[in-house]
Amino acid sequence: MKGQAVDSIFKNIRVYWLAFIVYWGIVLFGYDTGGVVSAPLFQQRFDLIRFKPDGTSDPKRANNVSSNVVSVLQAGAFFGALGSAPISSRIGRRMTLFGFSIIFVVGAILTTVANNLAEIYAGRVISGIGIGAISAVAPAYVSECSPKEVRGRITGLFQIMVAFGVMISYFVNFGVGIHQPNSPNVWRIPFGFQLVPAGIMVLGLLTVKESPRWLASVGRNEEALENLAYLRRDRPDSTDVLHEMAEIDAAILEEREARKGLGLKEAFFGKGNFIRFVIAFFIFFLQQWAGQNSVNYYAPQIFASIGFTARKNSLLASGIYGVVKLVATSLFIFFGVETLGRRISLFISAMGMGTLFFIIGAILKTHPPPAIDANHAAANPPPASKAMAAMLYIYVCFYSMGWGPLPWVYVSDIFPTRTRHYGLALASASQWLWNFVVSKVTPTLNTDLGYKMFLMFAAINVGGMAVFSLLIPETKGRSLEEMDVIFGSISSEQRQSDIDRREREFNRISSHPSSSEKV
């Protein structure tokens, strides 16, 4: 069994390399969520700290600016995700990613050299446009290049790279926050570090090939066959490659025939399509309200609110949270995603997260931490706070085995080639829209609701996400072309007939010029 796994990785090494390169853009997604807005010098320099007439600090100004710095990126990403669909459909996945990576670099540079909030906001919006498009196109690109046997694992690398970016951001903020707390580097180094993964992606994209499925969808079948054979490390005339190419081509021809002369309306409302777009929208609506991104974006503030009151303590607790998330996500992607299946993983994940949030809310209600200034106190966290931190670490393990990586895997699974870029764009736009809403309201929720915020997220996990998990169809081990059968676009008999016909045609074409070479 172990030997088979090693052989599978070696055989698909070019697909893993493609995912590794493309998903450096997803590191930007994760990394950019690590905020610097809780740094005292940042708050002072950009006038986040205001005082009430009685001399006590007023959190409203800090909350508003903190949420703006985080959420304007999501606003840009929303439009980037939507705008990427027609561009990706026209020029291909690879060049679309390359172009939007350059856009991100421009925004990152502007944010790094910014001297006022307006420049930071502008840079974040531009960066967001780049990240939004990357987050929409990258999963489609990787999914279209991956064989069905390991597609869930390879597509799931998306969330590993998100977790990797989150972890890096926490420790970069921890390092500069501890060693250079009184220097502008406390925000310039974290913002500037974004250029590293962006540069790796831009250069790496020069080493990978275009999606065979996209090439076939625009009539470049010969190039599609060559790229597919390259990715599978096989000959273009091999039986396996020809069968997969026949399956791809049959699905594309069926889609063209069924949608001939029809436009965007049919793409969304054609037979078997609308329910896929509904799932894509709501799976990310629920993911964003799972509570994880609230912890992600404002981890230092969240940990301070449960008792890790010293800035060093809250940053270190956040860093450990990032490590736990990365390890848990990696273990699930490599050993669990193709074993448990999508539905049961999502259900277990939602129930586990909801239960732990109920526990955290109850402890925070019965054992509230002492009210101390989170940026200046240096207290040892009380036992109840350590217990709540432990619950958050266990919580992120449940998140990482389901609702973290699987929404991206699932929506990459369910769309046919012709509408996949629209489906992924809608899914990504939904993700960024609700990401924007959650990041905008989290500081206020944390300040105003306290323990009730955790109870709210718990109810959403158990009452919404767990139920949703049981209502969607299973896609584990099914090819992308089989999704039309699952969602009722075509009968299984008609699909098999089309595959057999196209396979005979490919075999006839490939065997004719090479018949003299047979041994």
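Every chain begins its residue count from 1, and numbering advances along the sequence as written. This being a predicted model, a pLDDT of at least 70 is required before a residue's local features are given, and a value of 80 or more before pairs of side-chain atoms are given or counted; all residues contribute to the totals for chains, interfaces and linings. To obtain the side-chain values, all non-hydrogen atoms of the structure were included, while hydrogens and water were left out.

As recorded in an unreviewed UniProt entry, the protein chain goes by Major facilitator superfamily (MFS) profile domain-containing protein and comes from Psilocybe cyanescens. UniProt positions are given in the numbering used here, feature names are shortened, and annotations may be inferred rather than shown by experiment. The annotation that UniProt attaches to the protein chain under Sequence similarities (unreviewed entry) is "Belongs to the major facilitator superfamily. Sugar transporter (TC 2.A.1.1) family." On record in UniProt, under Subcellular location (unreviewed entry), the comment for the protein chain is "Membrane".

Undergrad: Could you give an account of the overall build of the protein chain, naming the residues involved and the relevant values?
TA: Numbering goes from the N terminus for both helices and strands, where a helix is a DSSP run of H or I of at least four residues and a strand is a run of E of at least two. Looking only at helices and strands, one finds 27 helices and two strands in the protein chain. Within the protein chain, the proportion of its 519 residues that are buried is 56%. Total accessible area on the protein chain is roughly 20,300 Å²; 65% of this is exposed by carbon and sulfur atoms. Burial here depends on accessible area, computed with a 1.4 Å probe over protein chains only, as a share of the maximum for the residue type. Under 20% is buried, over 50% is exposed, and the range in between is partly exposed. Here, Shrake-Rupley sampling with a 1.4 Å probe gives the accessible areas, and only protein chains in the shown set may cover a residue.

Undergrad: Give me the lowdown on the packing of helix H16 (residues 274–288) against helix H23 (residues 406–414), citing residues and values where you can.
TA: Interhelical geometry of H16 versus H23 gives an angle of 175° and a closest axis separation of 10 Å. One finds that H16 runs roughly antiparallel with respect to H23. Here H16 contributes Arg 276, Ile 279, Ala 280, Ile 283, Phe 284 and Gln 287 to the contact with H23, which in turn contributes Pro 407, Trp 408, Tyr 410, Val 411 and Ile 414. Residues of the contact of H16 with H23, tallied by class, amount to nine nonpolar, one polar and one charged. Structural elements are reduced to axes, namely lines fitted to C-alpha atoms, with helices fitted over the stretch in contact, and the angle between N-to-C directions of any two is expressed from 0 to 180 degrees. Here the angle decides the label: under 35 degrees means roughly parallel, over 145 means roughly antiparallel, 65 to 115 means roughly perpendicular, and every other value means oblique. In this analysis, two residues are considered to be in contact whenever any of their non-hydrogen atoms come within 4.5 Å of each other. Basically, the charged four are Asp, Glu, Lys and Arg, the nonpolar ten are Ala, Val, Leu, Ile, Met, Phe, Trp, Tyr, Cys and Pro, and anything else, Gly included, counts as polar.

Undergrad: Which residues make up a nonpolar patch on the surface, and what values go with them?
TA: A cluster of nonpolar side chains, Phe 171, Leu 316, Ile 320, Val 323, Val 327, Leu 331, Phe 334 and Phe 335, forms an exposed patch at the surface whose accessible area comes to about 700 Å². Looking at the nonpolar patch, the element that brings in the most residues is helix H19 (residues 311–335), giving seven residues. If you trace the backbone, Phe 335 turns up in helix H19. With relative accessibility at 65%, the residue Phe 335 sits in the exposed group. Here, patches come from residues exposed beyond 30% relative accessible area and free of salt bridges, joined within 9 Å for like charges and within 5 Å for nonpolar side chains (Val, Leu, Ile, Met, Phe, Trp, Tyr). Any Lys or Arg side-chain nitrogen located within 4 Å of an Asp or Glu carboxyl oxygen qualifies as a salt bridge.

Undergrad: An account of the pattern of salt bridges is needed here, citing residue identities and associated values.
TA: Evaluation of the coordinates by the stated rule reveals six salt bridges. One salt bridge connects Glu 144 with Arg 93, and the closest N-O pair in it is separated by 2.6 Å. One end of the pair, Glu 144, is in helix H7 (residues 117–145); the other, Arg 93, is in helix H6 (residues 93–112), with 51 residues separating them in the sequence. Note on accessibility: Glu 144 and Arg 93 belong to one class, buried. Residue Arg 220 is joined to Glu 223 by a salt bridge in which the shortest nitrogen-to-oxygen separation is 2.9 Å. Judged by its relative accessible area of 37%, Arg 220 is partly exposed. When salt bridges that share partners are traced, they join Arg 213, Arg 232 and Glu 244 into one network.

Undergrad: Tell me about helix H11 (residues 195–204), and name the residues and values.
TA: Looking only at H11, the buried set comprises Pro 197, Ala 198, Met 201, Val 202 and Gly 204. Buried residues along H11 sit in contact with helix H2 (13–22), helix H3 (24–31), H6 and H7.

Undergrad: Mind laying out the packing of aromatic side chains, listing which residues take part and the relevant values?
TA: Pairs were defined over the aromatic rings of Phe, Tyr and Trp, the Trp ring being its six-membered one, requiring ring centres within 6.5 Å. Orientation was assigned from the angle between planes: stacked under 30 degrees, edge-to-face over 60, tilted for the rest. Evaluation of the coordinates by the stated rule reveals 13 aromatic pairs. An angle of 80° between the planes, with centres 6.1 Å apart, marks the rings of Trp 24 and Phe 164 as edge-to-face. Taken together, the residues span a long stretch of sequence, with Trp 24 in helix H3 and Phe 164 in helix H9 (residues 157–179) at a distance of 140 residues. By relative accessible area, which is 13% here, Trp 24 ends up buried. For Phe 164, a relative accessible area of 25% gives the class partly exposed. On the numbers, 5.0 Å between centres and 55° between planes, the contact of Phe 277 with Phe 415 is tilted. You can see Phe 277 sitting in helix H16 and its partner Phe 415 sitting in the loop between H23 and helix H24 (417–449), a full 138 residues away along the chain. The exposure class assigned to Phe 415 is buried, which follows from its relative accessible area of 1%. Each member of the aromatic cluster is reached from another via a ring pair, and the members are Trp 17, Phe 20, Trp 24 and Phe 164. Of note, Arg 14 hangs over the ring of Tyr 230, and the distance from its end group to the ring centre comes to 4.2 Å. Geometrically, a charge over a ring is one whose NZ (Lys) or CZ (Arg) sits within 6 Å of the ring centre while staying within 35 degrees of the ring normal.

Undergrad: Please set out a positive patch on the surface residue by residue, giving values where relevant.
TA: Neither His nor the chain ends is counted toward charge; the positive residues are Lys and Arg and the negative residues Asp and Glu. A single reference atom marks each charge: NZ on Lys, CZ on Arg, CG on Asp, CD on Glu. Together, Lys 11, Arg 14, Lys 209 and Arg 233 make up a positively charged patch on the protein surface. Here Lys 209 shows up in the loop between H11 and helix H12 (212–217).

Undergrad: Tell me about the nonpolar core, residues and numbers included.
TA: We define the nonpolar core as a collection of buried residues of types Ala, Val, Leu, Ile, Met, Phe, Trp, Tyr and Cys that are connected through side-chain atoms lying within 4.5 Å of one another. Formed by 102 residues in total, the largest nonpolar core has its most connected members in Val 22, Tyr 23, Ile 26, Leu 97, Tyr 395 and Trp 403. The element contributing the most residues to this core is H7, with ten residues. For this core, the two domains that each supply at least three residues are domain 1 (10–208) and domain 2 (271–476). Non-local contacts of Val 22, meaning those with residues more than four positions away in its chain, are made with Leu 97, Ala 138, Tyr 141, Val 142, Met 201 and Leu 205. What fixes the domain bounds is an automatic or database domain assignment.

Undergrad: Hey, could you go over the packing of H3 against H11 for me, with residue numbers and the actual values?
TA: Interhelical geometry of H3 versus H11 gives an angle of 160° and a closest axis separation of 8 Å. When the interaxial angle is binned, H3 and H11 end up roughly antiparallel. The hand of the H3/H11 crossing is left-handed. Residue-level inspection shows Trp 24, Gly 25, Val 27 and Leu 28 of H3 in contact with H11, the latter providing Pro 197, Ala 198, Ile 200 and Met 201. Here the residues of the contact of H3 with H11 sort into seven nonpolar, one polar and no charged. In this scheme the crossing of two helices becomes right-handed for a clockwise turn of the near helix relative to the far one and left-handed for an anticlockwise turn of less than a right angle.

Undergrad: Pulling in residues and values, what's your account of unusual backbone geometry?
TA: Of note, Arg 233 is a non-glycine position whose phi angle comes to about 55°, a positive value. Within the secondary structure, Arg 233 sits in the loop between helix H13 (221–232) and helix H14 (239–258).

Undergrad: Give a detailed account of the confidence of the model for the protein chain, specifying residues and quantitative values.
TA: Fine structural detail should not be taken from predicted coordinates in areas where pLDDT scores are low. Each residue carries a pLDDT value, the predictor's own confidence for that position, ranging from 0 to 100. Counting all residues, the mean pLDDT for the protein chain is 81, and 83% of those residues have values of 70 or more. The least confident element of the protein chain is helix H1 (residues 2–11), whose mean pLDDT is 57; the most confident is H6, at 94. Contacts of residues 374–378 to residues separated by more than four positions or lying in other chains number 14 contacts, the stretch itself having pLDDT below 50. Under a pLDDT of 50 for its full length, residues 514–519 has, in the predicted model, two contacts with residues more than four places off or in other chains.

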